[in-house]
Amino acid sequence: MTSQPSLNTTGNERGPEDPGGSPGLQAGLKNRHLSMIAIGGVIGAGLFVGSSSGIATAGPGILLSYALVGTLVVLVMRMLGEMSAANPTSGSFSAHADRALGPWAGFSIGWLYWFFWVVVLAVEATAGAVILEGWIPAVPQWAWALIVMVVLTATNLVSVGSYGEFEFWFAGIKVVAITAFIVIGGLAVFGLLPGVDSEQAGLSNLTEHGGFLPHGAGAILTGVLLVVFSFMGSEIATLAAGESENPQQAVTKATNSIIWRVAVFYLGSIFVVVSLLPWDSKSITDDGSYVAALDSLGIPHAGQIMNFIVLTSVLSCLNSGLYTASRMAFSLGQRGDAPKSFARTTANGVPRTAILASVAFGFVAVFFNYKFPDSVFLFLVNSSGAVALFVWLVICFSQLRMRKIIKAEAPEKLVVKMWLYPYLTWATAALIVFILGYMLTDTEHDGRQTISLSLLVAALVLVVAFVKEKAGGRRAAADAAQAETQTQTQTQDDSRDEVSAG
């Protein structure tokens, strides 16, 4: 057999599987939960609130930016699907990196991913509080942020099934809303929507007003920087699969459906927006791209309708963010990369300590957002901004090694395969590195600051990982030496006993 690390079916090759005798995670997610988590996970609140800046930067060419990032996500998810279908685990890519690249990789990317999501908790809680305060101003914004965090924490603490049920309905509302938007907007673009007088709508908006690329081809890459982070969340289904009835089937289904999910929800909806209105319409910048598109159709209360949809997306992101952060912390605890208490579960299979620790940091981040929005909180947001790209890069390098491990030890588990391995994997990694490098040249949209601070935090985590690994190696060597000494001492004692007996 090769010297490669073994393929572990439990996903817990380091550390105790169930510390303290806890029952471990349970299969509480139903197939319908997983299906909606997979579909809704790719529709982030950033799609609704962040697309207007991308349109203003690249014009109709933002479609190419979304297509480029969407292709990247499809390829990365294919790699992740290959590894997760062979070995479903709550640690997902962190656990795969641990086995394929070494404990330092699993430790580093796991904690960076956890950091990303607990910061997202604060961002989304604040965004939701702004909307709710607009509806009910008698309750202050900080109180709304506290309320939504407490409610969704309670949901996650009950059982994984309660998380799945909430997410099923949150994601369902998002899916229905964006599907309706695409259908209604598409009919208007082609002049087939009765009772609506939209003189601005038409495919001519894609080529007029300065052309398809009014700011040149370089704006496509700038658009990539603005939209790449709205795709974060597509990997959640692979983490949740470990608590489903049929993990392998769930991962396979989520992986195979990522292409149409990206094509329909991202490319389809943005195509409708830039076809309904000229890309340089002032309303897109002032009101937001989706609100402006609905307003152009004469749909009453378009702003409030979109606020409701955005609020649903925010709550969905909060719900999934807390779930994802806690499961990553649970996996880190299992592998000895976090306190052992993180790996303990309740009788319902809920990692309570991991959830409470994650939400506690989220509450601290919310406090920073209200008390120090332009200093401490801005640092947290920027320093976690490039984590998505780091995660995708680690997935690429993990898959390059894991394919060999799976083929050597359990080839029957290769039910999902990365296309054109290893060439397409290397090409994907090269594209991610290129985007990271391009971010260093972007000063207009804070790309340089984001990548610089993210690299700083990543470097600090890597230092901790290597120090921990080295200390662990020394402890292992000391334990081995002590065991050897005890063995020798026992052997000598046995020899003396035999001499005395003789």
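What you see is a predicted model, and the numbers here were worked out from it, not measured in a lab.

A.B. asks: Go over the pattern of salt bridges with me, naming the residues and quoting the values.
C.D. replies: The final tally for this structure, using the stated rule, is seven salt bridges. The partner of Asp98 in a salt bridge is Arg335, and the shortest N-O contact between them spans 3.5 Å. One end of the pair, Asp98, is in helix H4 (residues 92-100); the other, Arg335, is in the loop between helix H13 (302-334) and helix H14 (352-371), with 237 residues separating them in the sequence. According to the relative accessible area criterion, Asp98 is buried, its value standing at 5%. Since its relative accessible area comes to 2%, Arg335 is described here as buried. In this structure, Lys468 and Asp337 form a salt bridge, with 3.1 Å as the shortest nitrogen-oxygen distance. In this pair, Lys468 sits in helix H18 (residues 447-501) while Asp337 sits in the loop between H13 and H14, placing the two residues 131 residues apart along the sequence.

A.B. asks: Residue-level account of the confidence of the model for the protein chain, with values.
C.D. replies: Within the protein chain, residue pLDDT values average 84, and 88% of them lie at 70 or more. Within the model, pLDDT remains below 50 along residues 1-18, and this stretch shows 49 contacts once partners closer than five positions in the same chain are excluded.

A.B. asks: Which residues make up H13, and what values do they have?
C.D. replies: Over its 33 residues, H13 runs 48 Å from end to end, which matches the ideal 48 Å to within 8%, given 1.5 Å per residue. Positive phi shows up at Gly336, right after H13, with a value of about 80°.

A.B. asks: Help me get a handle on helix H16 (residues 387-409), residues and values and all.
C.D. replies: Helix length check: H16, at 23 residues, gives a terminal C-alpha distance of 31 Å against a target of 33 Å (1.5 Å per residue), a fit within 8%. The element H16 is largely enclosed, with a buried count of 17 among its 23 residues.

A.B. asks: Requested: an account of the packing of aromatic side chains, with residues and values cited.
C.D. replies: Taken as a whole and assessed by the stated rule, the structure comprises 20 aromatic pairs. Here the aromatic rings of Tyr113 and Trp117 are separated by 6.2 Å at their centres, their planes lie at 80°, and the arrangement is edge-to-face. With Tyr113 and Trp117 both in helix H5 (residues 103-135), this residue pair falls four residues apart, about one helical turn. On the accessibility criterion, Trp117 (2% relative accessible area) is buried. Pairwise contacts between aromatic rings join Phe93, Tyr113, Phe116 and Trp117 into one cluster. The ring of Phe168 has Arg32 sitting right over it, with the charged end atom 4.7 Å from the ring centre. Lying over the aromatic face of Tyr421, Arg403 brings its terminal NZ or CZ to 4.3 Å of the ring centre.

A.B. asks: Summarise the environment of Trp392; cite the residues concerned and give the values.
C.D. replies: Examined against the element boundaries, Trp392 turns out to sit in helix H16. Among residues more than four places away in sequence, those in contact with Trp392 are Leu72, Val73, Val76, Val228, Phe231 and Ile432.

A.B. asks: Got a sec to walk through the packing of helix H6 (residues 141-158) against H14? Specific residues and values, please.
C.D. replies: At a minimum axis separation of 11 Å, H6 and H14 run at an interaxial angle of 170°. Taken together, the axes of H6 and H14 are roughly antiparallel relative to one another. Residue-level inspection shows Gln141, Trp142, Ala145, Leu146, Met149, Val150, Thr153, Asn156 and Leu157 of H6 in contact with H14, the latter providing Arg352, Ile355, Leu356, Val359, Gly362, Phe363, Val366 and Tyr370. Split by residue class, the contact of H6 with H14 holds 12 nonpolar, four polar and one charged.

A.B. asks: So what's going on with the environment of Gly242? Which residues, and what values?
C.D. replies: Following the sequence through the fold, Gly242 ends up in the loop between helix H9 (236-240) and helix H10 (247-276). Judged by relative accessible area, which is 35%, Gly242 ranks as partly exposed. Gly242 sits 153 residues away from Thr89 along the chain, and the two C-alpha atoms are 4.8 Å apart.

A.B. asks: Break down unusual backbone geometry for me, citing the residues and quoting the values.
C.D. replies: For the bond running from Tyr421 to Pro422, omega is 0°, close enough to zero to count as cis. Phi is positive for His301, which is not a glycine, with a value near 55°. Along the chain, His301 turns up in the loop between helix H12 (289-296) and H13. The exposure class of His301 is exposed, given its relative accessible area of 63%.

Cut-offs used in this document
- Residues numbered from 1 in each chain as written.
- Predicted model: local features only at pLDDT ≥ 70, side-chain atom pairs only at ≥ 80, totals over all residues.
- Heavy atoms only, no water.
- Salt bridge = Lys/Arg side-chain N within 4 Å of Asp/Glu carboxyl O.
- Helix = DSSP H or I, 4+ residues; strand = E, 2+ residues; numbered from the N terminus.
- Buried < 20%, exposed > 50% of the residue type's maximum accessible area, 1.4 Å probe, protein only.
- pLDDT = per-residue confidence, 0-100.
- Contact = heavy atoms within 4.5 Å.
- Expected span 1.5 Å × (residues − 1).
- Phe/Tyr/Trp six-rings, centres within 6.5 Å; stacked < 30°, edge-to-face > 60°.
- Lys NZ or Arg CZ within 6 Å of the ring centre and 35° of its normal.
- Axes fitted to C-alpha atoms, helices over the stretch in contact; angles between N-to-C directions.
- Parallel < 35°, antiparallel > 145°, perpendicular 65-115°, else oblique.
- Nonpolar A, V, L, I, M, F, W, Y, C, P; charged D, E, K, R; others polar.

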